Every structure is written in structure tokens, then in C-alpha cells.
Amino acid sequence: MTRLDLARRVRPPNESDFPSPLHSPRVASRVGLALGVAFTVCFVTGLLSHLVQHPTSWFSWPGRPVWLYALTQGLHVASGIVAIPLLGIKVWVVSPRFWRRPFLGIVSVLERGSIFVLVASATFELATGLLNVAEFYPWSFFFPPVHYAVAWIAMGALAVHIAVKLPVIRDALSSPVDRPDRVGDPDRAGAADRSAEVNSSAEPVRAGTLSRRSLLTVTAGAVGLVTLATIGDRIPALEKISVLSQRAGSGPQGLPVNRSAAAAGVRTAAVDPAWRLVVTGPGGSSSFSLADLRALPQTDVTLPIACVEGWSRSADWSGVRVGTLLSAAGAGAGDTIRFTSLDPGTYGRVEVPASVAADPLALVALGLAGAPLHIDHGFPARLIMPSRPGVQQTKWLRSVEVLA
Ligand SMILES: Nc1nc2c(c(=O)[nH]1)N[C@H]1C(S)=C(S)[C@@H](COP(=O)(O)O)O[C@H]1N2
Ligand SMILES: [Mo]
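Parameters at a glance
- Each residue is numbered by its place in its chain's sequence as written, counting from 1.
- Throughout, the order in which chains and ligands are written sets their labels, letters from A for the former and numbers from 1 for the latter.
- Note on the predicted model: pLDDT of at least 70 is required for a residue's local features to be given, and 80 or more for side-chain atom pairs to be given and counted; whole-chain, interface and lining totals, by contrast, use all residues.
- By convention in this description, side-chain values take in all heavy atoms of the structure and omit both hydrogens and water.
- We count a stretch as a helix when DSSP gives it H or I for four or more residues in a row; a strand needs E for two or more, and each element gets its number in order from the N terminus.
- Note on classification: 1.4 Å probe, protein chains only; a residue is buried when its accessible area is under 20% of the maximum for its type, exposed when over 50%, partly exposed between these limits.
- Pairing between strands is defined by DSSP: at least two bridges between them are needed.
- Working convention: axes come from line fits to C-alpha atoms, limited for helices to the stretch in contact. Angles between N-to-C directions cover 0 to 180 degrees.
- The criterion used for residue contact is that any of the two residues' heavy atoms lie within 4.5 Å.
- Consider each residue's heavy atoms; a residue with any of them within 4 Å of a molecule or strand counts as near.
- Polar contact criterion, stated in full: a pair of N or O atoms within 3.5 Å, where within protein one must be able to donate a hydrogen and the other to accept it, and residues adjacent in sequence count only if both atoms are side-chain atoms.
- Accessible surface area values rest on a Shrake-Rupley calculation with a 1.4 Å probe, where residue burial reflects the displayed protein chains alone.
- Each residue is assigned to one class: nonpolar for Ala, Val, Leu, Ile, Met, Phe, Trp, Tyr, Cys and Pro, charged for Asp, Glu, Lys and Arg, and polar for all the others, Gly among them.
- Should an angle fall under 35 degrees it is taken as roughly parallel, and over 145 as roughly antiparallel, whereas 65 to 115 is taken as roughly perpendicular and any remaining angle as oblique.
- By convention, the crossing between two helices is left-handed when the near helix turns anticlockwise from the far helix through less than a right angle, and right-handed when the turn is clockwise.

Draft legend 1. Quick look at unusual backbone geometry. Going from Arg64 to Pro65, the amide bond is cis rather than trans, its omega being -10°. If you trace the backbone, Pro65 turns up in the loop between helix H2 (25-53) and helix H3 (68-94). Between Phe379 and the following residue, Pro380, the backbone shows a cis peptide bond with an omega angle of 5°. With respect to the secondary-structure elements, Pro380 resides in the loop between strand E8 (371-372) and strand E9 (382-384). The phi dihedral of Gln253 falls on the positive side, at around 60°, and the residue is not glycine. Residue Gln253 is classed as partly exposed on the basis of its relative accessible area, which comes to 27%. In this model, Ala369 sits at a positive phi of 55°, which is unusual for a non-glycine residue.

Below you can see the structure in the form of C-alpha cells.
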């Protein structure tokens, strides 16, 4: 074999090296439609979660129904999880096009550039989201702002991609998936056998290969499977079949624990008899021992913990209404309330609008499931509010401050 022969043999592939009829815009557009829906649900619910945690003047998040945040965040994680197999299959279906010549030229560069940005940012979002759910952080940046920023890049690239492809998408979606791609179809992937296909009513299926419909069925099956494997994080009744669910099994008092008292370094401080809850506002400052808090009127509420990682569990809490403490401290409707924990970590300080903290269902909880809080659930006192992210339900409370 001459050198020239060898060079020819190891040439980069051509689009026509992938003759399978599965590499068709009719398949790509259908998988793409499902992926577009998943990305949109994921983006909108992620945006909501961001706004809930970063209040702005034009946005307020309702406290009812109390499970609303559990629902939107559950959808966020569930839609991200189904997007993983969808993205993999979509990229495989269109992959022969990556080898189309010419590589250069303004349209080609724009089109491929946007697809590159889309695939890279979407992969980054799905990978970091999944690792975050698994509480594995093999990176040095703080997850939420980066995940949030890259989401905008992905959605921007998705908008460009859909705009560029709209004629192809319309055409591909408006005809049966098994219909052969038209001769000269600019988005036809495999170039082989065109003449043979024109007059036949369905794409020829070679022995041992999947039909397009079967590929779509397999795709739907993959989506169903990953959903069932993880849905127990959100629906306790399905925990048994959810083999991949992160929170299967439960922590003390029937509720999972993300960060234990030992991990937060508060084991000693939390059980110190000198512990006081200090409440400060324009009306002055008061401090409450656990006995003082127990002597105040007690309220029972049933509210879910809805972790940003997608798991949620409902529980019965009892304690003192935050609103009772706030009116004594002289909080006004437009104030911000800061809750501080003994835990010096990221979730040891929470700020919410006074209207959220004064919700009649928002408690400084002292009890859970009919017993005093387990230390891992925030003994002696923790915050629990309706329809708020788990990261804001701070445990091992130390102080409540009214910030004007
Ligand atoms: N002080 C403090 N409070 C915290 C956390 C924390 O790390 N430190 N984790 C939060 C998170 S992420 C969640 S989901 C809930 C979980 O509450 P649980 O452990 O009682 O189930 O607690 C929240 N409260
Ligand atoms: Mo969480």
C-alpha cells in the first residue's frame, strides 16, 4: 500500500459514509421536538427557582399551594434527566452532518457554530445538574450562578438553531416519519440509494437494523425508564421502583437529611443549654430560650421540604409562627428578614421578604412528626416556610433580624 492509499483510507469520514435511514431530518426533528420541550420546561422552572432565591421588585412567588415549589423544582430535575438520553440520541441522529463539506463559508460556520455552542452548553448544564443532584462537585466554582448563566447561553443557541432550521423542521414534522427523505433534500443525511427511495412508500429497512419508528419507540422507552428510575425522589409511593433515586430510604423522623449536624460542625453548639434565639428589629431585641419558645402559642403545619436537587418530602411540623416574632420585633411589610444559623456554611444565612416570612404557615419549627426536632433536622429550632426551596429552610437557627 502506498502512502497515498493509506492517506485515502484514513481520510475523515463523509456524510455519505453513514447511509442508515435513521440519520434523517424526520427522526431528528421528532427527537428534537421532545428535547426542545424538555429544555424549555427545564429553563422556565430553573428561572423560577432563581427568581425565588433572588427576589426582584417585579416578581413575587406565592406561598400557595404549599407544594408549588416542590412541583416546579421536581419538574426542573425530571426534565433535565430526560433531556440526557434525548440529547444523546439527537446528536447521534444528526452526527453524519458534522462531516458535511464545505466546513467553511459564512452560513456553514454560523450554523455549525451555533450547534457547537448548543451541544456544549447543554452538555455542561445536564452534566453539572446531574452531578449536583448526586452531591458530587468535581469543580471549584459555586454551582448555582454558573449553571444559571450557561442556561441562558444554551437557550440563546437553541433559539438560533430553531430559527435556522425552521423550514426543515416544518417540512420534516409535517410528513410521516417513515416516508423516505426527498431527493435533493438539503438536510438528507445519508446520500446513498436516493434513487431507490423516491418511489417507495416507506424507507427500506435492512435486515438487522432498526426502523425509524422503532428508534422513536426506544427513545420514548429511555425517557420513561430514566423517569421511573428517579421519580421516587419526588413521589414516595414510587420509591421502591426508583433504583437510581438519591434519597431512597429515609433519614431520622422519616425525612432525608442533606447536611447533618456533624457535617455542619454544630453538634456542640446546637445542644448547648445557653442557646438562645435572638430576634432583632426596630422594636428592639429579645432573646428566647427553647423553653421560652415552647411557652409561646404553638402551630401545627404540614409542609414539604423541597430540595433544589429535586427531591421533596412532606412532613408535620410544629412551632412558633415567624409572624408572631416579627410583629413583636416591629417588622414592616416592605422589610427583608434575615435568618442566621449556627452553621457558618452557605445555607446558614437566608434572606426573604417580610411578606414571605410572615406567612401564617411559616414557622420557627421546634418539632417534627410529633417529637422535638432531631439534631440533623435542625434542633433546637429551624425555619420552615410554604412553597420555598430547601436551601432557604435553614436549620439550627441562631437569630432573626429585621433589615429595613
Ligand atoms: N443551616 C443549614 N440549614 C440547611 C442546610 C444546611 O446545609 N445548613 N441544608 C438545606 C437544604 S439544601 C435542605 S434540602 C434542607 C433539608 O432539610 P432536612 O435535612 O431537615 O431534610 O435543609 C436546608 N437547611
Ligand atoms: Mo437542598
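Right, picking up where we left off after that structure.
Draft legend 2. Structural detail: the sheet that holds strand E10 (residues 397-403). Judged by pairing direction, the sheet is mixed, and its 5 strands sit side by side in the order E2-E1-E10-E5-E6 without closing on themselves. Each edge of the open sheet is held by one strand with a lone partner, namely strand E2 (284-288) and strand E6 (349-353). Between one strand axis and the next, the sheet turns by 15° as a mean value, whatever way the strands run. Of the pairings in the sheet, the one linking strand E5 (residues 336-341) to E6 comprises 5 bridges and is antiparallel in character. By the bridge assignment for E6, Phe339 is matched with Val350. Most of the contacts of helix H11 (residues 322-329) go to strand E1 (residues 277-281), to which it runs at about 50°, and overall it touches E1, E2, E5 and E10.

Draft legend 3. Fine view of the side chain of Ser399. Examined against the element boundaries, Ser399 turns out to sit in strand E10. Filtering out sequence-adjacent residues up to four positions away, Ser399 remains in contact with Leu277, Val278, Arg338, Phe339 and Thr340.

Draft legend 4. Broad picture of the site of ligand 1. The environment of ligand 1 is formed by 20 residues, the closest being Pro256, Asp343, His377, Arg382 and Lys395. Taking Ser341, its side chain carries an N or O atom lying 3.3 Å from a nitrogen atom of ligand 1. Between a nitrogen atom of ligand 1 and a main-chain N or O atom of Gln393, the distance comes to 3.0 Å. Coverage of ligand 1 by the protein chains reaches 99% of its 530 Å² of free accessible surface. In terms of residue class, the shell around ligand 1 is made up of 9 nonpolar, 6 polar and 5 charged.

Draft legend 5. Quick look at the packing of H3 against helix H7 (residues 212-230). Orientation of H3 relative to H7, taken along the N-to-C sense of each, is 155°, at an axis distance of 8 Å. Here H3 lies roughly antiparallel to H7, going by the angle between them. The crossing of H3 and H7 is right-handed. Between H3 and H7, the contacting residues are Ile81, Val82, Pro85, Leu86, Ile89, Trp92 and Val93 on the first element and Leu215, Thr219, Ala222, Val223, Val226, Thr227 and Thr230 on the second. When grouped by side-chain class, the residues that make up the contact of H3 with H7 number 11 nonpolar, 3 polar and no charged.

Draft legend 6. A look at the environment of Asp316. Looking at the secondary structure, you find Asp316 in strand E4 (residues 312-321). Note on Asp316: relative accessible area 46%, which makes it partly exposed. Each C-alpha atom, one on Asp316 and one on Ala295, is 20 Å from the other, the two residues being 21 residues apart in sequence. Residues in contact with Asp316, not counting those within four places in the same chain, are Val301, Thr302, Gly367, Leu368 and Ala369. Of the polar contacts made by the side chain of Asp316, one reaches the side chain of Thr302; its length is 2.8 Å.

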